[in-house]
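Notes for the structure review
One letter stands for each residue in the lines below.
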Amino acid sequence: ANAAEAKKTYTIGTDTTFAPFEFQDVNGDFVGIDIDLIQAIAEDQGFKVKIQSLGFNAAVQALQSGNVDGVIAGMSITDERKQTFDFSDPYFEAGPIMGVAANNDTIKSYEDLRGKRVAVKVGTEGATFAESIKDQYGFTLATFDDSSQMVDEVKAGGSVACFEDYPVLAYGIQQGNGLKIVTDKEKGGSYGFAVNKGQNQELLQMFNEGLANLKSSGEYDKIVANYLGEGDA
Ligand code: GLN
């Protein structure tokens, strides 16, 4: 695009406390893989973004009602969501996994959840997975709006476990959030950038082109390594 041309600004909805994808750093600045990625893509493709940190479910609803142009929020590409949204090419592998308090020695498998309370985040793939096994294993669900509330609930013992995306839980544990992993990760969709079905196709196209450019230039790996270290990039 011509430098003299006014750049178009897109409003992008995201989650609140979902490190390393979106979170506030020690200075209170909003950072993370998703944030750096959309900003680098905007730079590469010549558009501007206005980030709105709404919470996961709120961001998805804001997209559906047209209050934001797109969502980048560690949002899993699922068949059900594809009926409502168009997704970019996948940019990160994920899937839900169970987390328990680091000092809990009684929960070692889903069988141990019988009669207990399990924390989930509203509208997420982890919540859908927990819902799908709760009758089989005989546990109840407590629903939260954001991931930090969910972690606090498990640490405080209100729930014996939570279901969270694997890369987010693993990062949190590494940062000392007081949880641990005792089971294998479940299958889940990769993360994609979403727009409303049939809308903002130009933005979706630019996301895909920008993502491909960042991958071939090595910038994508740099962004990921900046949060996860070289080994995981
Ligand atoms: N990847 C999960 C989903 O799409 C969770 C996303 C999130 O909590 N930000 O449902």
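Residues numbered from 1 in each chain as written. Predicted model: local features only at pLDDT ≥ 70, side-chain atom pairs only at ≥ 80, totals over all residues.

Some thoughts on the packing of helix H1 (residues 33-45) against helix H8 (residues 219-228)
In the contact formed by H1 and H8, the axes pass within 9 Å of each other and the chain directions differ by 155°. Considering the angle they form, H1 stands roughly antiparallel to H8. When the axes of H1 and H8 are compared, the crossing they make is right-handed. Contacts between H1 and H8 involve Ile33, Asp36, Leu37 and Ala40 on the former and, on the latter, Glu219, Ile223, Val224 and Tyr227. Its residues assigned to classes, the contact of H1 with H8 comprises six nonpolar, no polar and two charged. (Axes fitted to C-alpha atoms, helices over the stretch in contact; angles between N-to-C directions. Helix = DSSP H or I, 4+ residues; strand = E, 2+ residues; numbered from the N terminus. Parallel < 35°, antiparallel > 145°, perpendicular 65-115°, else oblique. Left-handed = near helix turned anticlockwise from the far one by under 90°. Contact = placed C-beta atoms within 7 Å. Nonpolar A, V, L, I, M, F, W, Y, C, P; charged D, E, K, R; others polar.)

Notes on the site of the ligand
Taken together, Asp15, Phe18, Phe56, Ala73, Gly74, Met75, Ser76, Ala94, Lys121, Thr124, Glu125 and Asp165 make up the full set of residues adjacent to the ligand. Residue composition of the shell around the ligand, by class: five nonpolar, three polar and four charged. A domain split of the shell around the ligand shows at least three residues from each of domain 1 (9-92 + 190-232) and domain 2 (96-180). (Near = placed C-beta within 6 Å. Domains from an automatic or database assignment.)

Concerning helix H5 (residues 147-156)
Listing the buried residues of H5 in full gives Ser147, Met150, Val151 and Val154. With its buried residues spanning 95° around the axis, H5 presents them on a single face. At the exit of H5 stands Gly157, carrying a positive phi of roughly 85°. (Buried ≥ 20, exposed ≤ 12 C-beta atoms within 10 Å, placed from the backbone. Arc of directions from axis to C-beta.)

Some points on the environment of Asn196
Tracing the backbone through its elements, the reader meets Asn196 in strand E12 (residues 194-196). Judged by C-beta crowding, with 19 C-beta atoms within 10 Å, Asn196 ranks as partly exposed. For Asn196, the contacting residues outside a window of four places in its chain are Leu63, Gln64, Gly66 and Phe85.

Here we look at the sheet that holds strand E11 (residues 179-180)
Strand pairing within a sheet occurs via backbone hydrogen bonds; the two strands may be parallel or antiparallel. Strand order across the open sheet formed by five strands is E9-E8-E10-E7-E11, with mixed pairing between neighbours. If you trace the sheet from one side to the other, it starts and ends with strand E9 (140-144) and E11, each paired once. Bridging between strand E8 (residues 117-121) and E9 involves five bridges; their strand directions are parallel. Bridge pairing in E9 places Arg117 opposite Thr140. (Pairing = 2+ DSSP bridges.)

A closer look at the domain arrangement of the protein
Assigned domains within the protein: domain 1 (9-92 + 190-232) and domain 2 (96-180). Between domain 1 and domain 2, the C-alpha centre-to-centre distance is 25 Å. Taken residue by residue, the interface counts 14 residues in domain 1 and 14 residues in domain 2. Of the residues in the side of domain 1 that touches domain 2, the class split is seven nonpolar, seven polar and no charged.

Section: helix H6 (residues 166-174)
Among all positions of H6, only Pro167, Val168, Leu169, Tyr171 and Gly172 are buried. Contacts from the buried residues of H6 go to strand E7 (96-101), H5, strand E10 (161-165) and E11.

Section: the environment of Val154
With respect to the secondary-structure elements, Val154 resides in helix H5. A count of 26 C-beta atoms within 10 Å places Val154 in the buried class. Sequence separation of Val154 and Tyr10 is 144 residues, and the distance between their C-alpha atoms is 37 Å. For Val154, the contacting residues outside a window of four places in its chain are Gly99, Val100, Ala101, Ala119, Ser159, Ala161, Cys162 and Leu179.

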